[in-house]
Amino acid sequence: MTPALVDLIRAALWLVSATAFGWMLDGTYGALVAVLIAASYLVARHLWQLTQLIRWARQPLGTETPSAGGLWGEAYAALHRRARSAAEQREELGKLLDRFRQAAEVMPEGVVILDGHRNIEWMNGRAEVILNLQPSRDLGSPITYLLREPEFLAYIGHSNPTGSLVLRSARSAGQTLQIQSVPFAAGRSLLLVRDITQLQKLETMRRDFVANVSHELRTPLTVVAGFLETTAEGLTDLPQEEVRQYLDMAGDQAKRMQRLIEDLLTLSTLETDAPPSEESIAMPDLLAEIRDEAAALSAGRHEVVLENAGPPRLSGNYKELRSAFGNLASNAVRYTPAGGRIVIGWRNAPDGGAAFSVTDTGLGIDARDLPRLTERFYRVDRGRSRETGGTGLGLAIVKHVLERHQAKLDIASTPGEGSTFTATFPERRVTPDQAGS
Ligand code: ADP
């Protein structure tokens with residue numbers, strides 16, 4: 001039996017009993033009065049339940065349903081089930097939204113949601129950083145108030161922007177952004193923002209590098225080609241002596257290209273290869289080699305001195321360290337006029353490490369050039385570098401080798417007085433003297 005039928009039978013029985021009771025008390029009049037009272041009671045009961053229902057419906061979702069029997073009990077149970085499933089759905093949706101928010105938060109790109117009027121509806125943390133936005137201040141503001149660059153206004157003003165925009169940001173000096181607008185539902189759009197400053201810098205460096213290498217190779221190649229042409233044309237007429245002179249000059253240029261290629265290959269190995277194999281290097285031998293090499297390059301034009309007061313052994317890659325130390329010593333010779341003094345030093349550092357240094361009484365370097373000195377192809381004195389066979393890569397190689405040995409390069413210099421290049425190695429590289437030297 002359905003609750004509706006039970007309620008109906010109950011109400012009918014209630015009316016019949018009231019009528020019979022009224023009849024017994026006062027005949028027809030009594031029966032009428034009793035029916036009226038019973039019917040009013042029934043209506044009042046339903047009205048009270050209805051009021052309860054309205055009051056419950058106004059409560060927040062999840063409020064417990066009032067208890068009632070019969071048809072009202074059924075109605076409350078059905079409403080309770082509905083409310084519970086709505087609450088569960090809401091919770092699920094809330095969780096889903098949270099997951100989307102979390103995913104958007106960890107995206108490496110800045111994400112900004114714009115409404116149909118290009119006002120900011122939402123942004124992730126990355127967008128706040130890249131675009132220098134503050135949610136408390138900027139949510140609800142038109143994006144065009146915040147990014148006012150004409151290129152951006154033209155891009156975003158387009159009804160359906162295609163592709164992406166590379167923008168030099170005016171809000172943060174030197175910053176380059178890549179912005180893409182992706183339209184979605186109801187005129188809204190998603191603005192994806194990437195900070196490509198580093199990428200652009202790398203691209204510029206790559207372009208500069210290719211241009212520099214091409215330039216460095218073109219000059220000697222042109223000279224060699226010219227000599228060969230002249231020699232070939234006058235092979236039978238030119239005096240032997242002149243031909244020899246041309247061939248010698250072409251040979252010098254070929255050696256220059258060879259040095260450049262060797263330095264480029266060394267740099268590339270230092271940048272791409274795994275850390276070098278290590279050995280315990282006997283420093284007195286290595287220092288003597290560096291001194292002899294510098295003295296040979298100087299050919300008696302300088303006083304070359306070795307001051308060795310440092311630990312006898314250093315842990316590292318012999319070939320790489322020899323090349324780095326050799327570069328510093330040969331620079332000292334090349335940038336010090338004849339009559340100057342060059343001191344190659346090796347001593348204990350105060351923190352337990354050890355320091356290799358080369359001090360010269362040469363040209364010196366202006367303070368503003370110091371930070372760029374280890375950049376590839378950066379030269380202060382281009383003419384002198386070329387004349388003395390420089391490739392412009394020596395200090396870049398030194399920097400890489402020292403980085404691979406966790407050593408630090410310090411440069412102290414006074415223009416016109418001289419320079420000191422110091423490479424300081426950490427304590428753990430200073431090994432005990434196993435050979436007893
Ligand atoms: P390069 O092959 O031109 O010598 P490096 O990378 O070895 O290239 O050095 C970069 C530049 O630093 C040089 O061109 C020179 O201008 C400057 N430099 C390096 N060492 C010294 C030094 N001891 N004294 C003065 N200038 C130096």
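That block above? That's the structure.
Each residue is numbered by its place in its chain's sequence as written, counting from 1. A pLDDT threshold of at least 70 governs which residues receive local features in this predicted model, and a stricter bar of 80 or more applies before side-chain atom pairs are shown or counted, although totals over entire chains, interfaces and linings include all residues. The side-chain quantities take in all heavy atoms of the structure and omit both hydrogens and water.

Caption draft 1: Just the sheet that holds strand β3 (residues 165–168), in detail. By the convention used here, strands pair only if DSSP detects at least 2 bridges between them. Think of it this way: any DSSP run of H or I at least four residues long counts as a helix, any run of E at least two long counts as a strand, and we number them from the N terminus. Overall, antiparallel pairing links the 5 strands, which are arranged β2-β1-β5-β4-β3 in an open sheet. In the strand order of this sheet, the two ends are held by β2 (120–123) and β3, each with one partner. Each strand of the sheet is rotated relative to its neighbour by a mean of 25 degrees, with strand direction disregarded. In terms of strand pairing, strand β4 (residues 176–183) meets strand β5 (residues 189–195) through 7 bridges, oriented antiparallel. Within the sheet, the bridge partner assigned to Ile179 lies in β5 and is Val193. Interaxial angle, 0 to 180 degrees, is taken between N-to-C directions of lines fitted to C-alpha atoms, where a helix line uses only the stretch in contact.

Caption draft 2: Quick peek at empty space enclosed by the protein. Cavity and pocket criteria rest on a 1 Å grid covering protein atoms alone: a 1.4 Å probe that fits but cannot get out defines a cavity, protein on both sides within 12 Å along at least 5 of 7 lines defines an open pocket, and an atom within 4 Å of a point defines a lining residue. Grid points are joined across faces, edges and corners, and a volume is the space filled by probe spheres set on the points. The full count for this structure, using the stated rule, is 1 cavity of 30 Å³ or more. Estimated volume of the largest cavity: approximately 40 Å³. Taken together, Glu216, Arg256, Leu260, Arg379, Gly390 and Thr391 make up the full set of residues lining the largest cavity. Throughout, the ten residues Ala, Val, Leu, Ile, Met, Phe, Trp, Tyr, Cys and Pro are labelled nonpolar, Asp, Glu, Lys and Arg are labelled charged, and all others, Gly among them, are labelled polar. Per-class residue counts for the lining of the largest cavity are 1 nonpolar, 2 polar and 3 charged.

Caption draft 3: Seen up close, unusual backbone geometry. The residue Asn132 is not glycine, and still its phi comes out positive at about 60 degrees. Relative to the elements of secondary structure, Asn132 occurs in the loop between α3 (125–131) and α4 (135–138). Since its relative accessible area comes to 45%, Asn132 is described here as partly exposed. Residue Phe377 is not a glycine yet carries a positive backbone phi of 70 degrees. You can see Phe377 is positioned in the loop between β10 (354–360) and α11 (382–387). Think of it in three bands: with a 1.4 Å probe and only protein chains considered, a residue is buried below 20% of the maximum accessible area for its type, exposed above 50%, and partly exposed in between. Overall, Phe377 belongs to the buried group, its relative accessible area being 4%.

Caption draft 4: Main features of a nonpolar patch on the surface. Exposure above 30% relative accessible area and the absence of a salt bridge qualify a residue for a patch, where like charges join within 9 Å and nonpolar side chains (Val, Leu, Ile, Met, Phe, Trp, Tyr) within 5 Å. Every accessible area reported is derived by Shrake-Rupley at a probe size of 1.4 Å, with residue values counting cover from the shown protein chains alone. Think of a salt bridge as a Lys or Arg side-chain nitrogen and an Asp or Glu carboxyl oxygen that are within 4 Å of each other. Among the surface-exposed residues, Met1, Leu5, Leu8, Ile9 and Leu13 lie close enough to one another that they form a single nonpolar patch of about 550 Å² accessible area. Structurally, Met1 can be placed in the segment before α1 (3–58). Judged by relative accessible area, Met1 falls into the exposed class, the value being 76%.

Caption draft 5: A look at the sheet that holds strand β7 (residues 303–308). Read across the sheet, 5 strands follow the order β7-β9-β10-β12-β11 without closing on themselves; strand pairing throughout is mixed. Because the sheet does not close on itself, it has two edges, and the strands there are β7 and β11 (408–414). Neighbour-to-neighbour, the strand axes of this sheet turn through a mean angle of 10 degrees, independent of strand direction. Inspection of the sheet shows β7 paired to strand β9 (residues 341–348) by 6 bridges, in the parallel sense. Its bridge partner lying in β9, Leu306 is registered against Ile344.

Caption draft 6: Region of the structure containing the pattern of salt bridges. Here the structure, examined in full by the defined rule, presents 19 salt bridges. For Glu203, the salt bridge identified is with Arg206, shortest N-O distance 2.9 Å. Of this pair, Glu203 and Arg206 both sit in helix α7 (residues 197–233), 3 residues apart, which is roughly one turn of that helix. For Glu203, a relative accessible area of 30% corresponds to the partly exposed category.

Caption draft 7: Main features of the nonpolar core. Nonpolar core, defined: a set of buried Ala, Val, Leu, Ile, Met, Phe, Trp, Tyr and Cys residues in which side-chain atoms within 4.5 Å join the residues together. Met283, Phe325, Ile344, Trp346, Phe356 and Phe425 are the most contacted members of the largest nonpolar core, which has 49 residues in total. Elements supplying a minimum of two residues to this core: α7, α8 (240–272), α9 (283–298), α10 (318–334), β9, β10, α12 (394–404) and β12 (418–425). At 8 residues, α8 tops the list of elements feeding residues into this core. If you count residues domain by domain, this core takes at least three from each of domain 3 (210–272) and domain 4 (279–429). What Phe325 contacts, discounting residues up to four positions off in sequence, is Met283, Leu286, Ile290, Phe356 and Phe425. Listed in part, the 20 residues of the second largest apolar core include Val112, Ile156, Leu167 and Ile179. Domain delimitation in this document rests on an assignment produced automatically or drawn from a domain database. Contact between two residues is taken to exist if any of their heavy atoms lie within 4.5 Å; hydrogens are not considered.

Caption draft 8: Spatial organisation of the site of the ligand. In the region of the ligand, 21 residues are neighbours, and Asn331, Tyr335, Ser385, Gly392 and Leu395 sit closest. Identification of polar contacts relies on pairs of N or O atoms within 3.5 Å, with a donor-acceptor requirement for protein atoms, meaning one able to donate a hydrogen and the other able to accept it, and with residues adjacent in sequence counted only if both atoms are side-chain atoms. In the model, an oxygen atom of the ligand is placed 2.7 Å from a nitrogen or oxygen of the Tyr335 side chain. Within the contact set of the ligand, an oxygen atom lies 2.9 Å away from a backbone nitrogen or oxygen of Val380. Surface burial for the ligand is 98%, taken as the share of its 530 Å² of free accessible area covered by protein chains. A total of 3 residues in the shell around the ligand trace back to one element, the largest contributor, which is α10. Looking at the shell around the ligand residue by residue, the classes come out as 9 nonpolar, 8 polar and 4 charged. Nearness here has a simple test: a residue counts as near a molecule or strand if at least one of its heavy atoms is within 4 Å of that partner.

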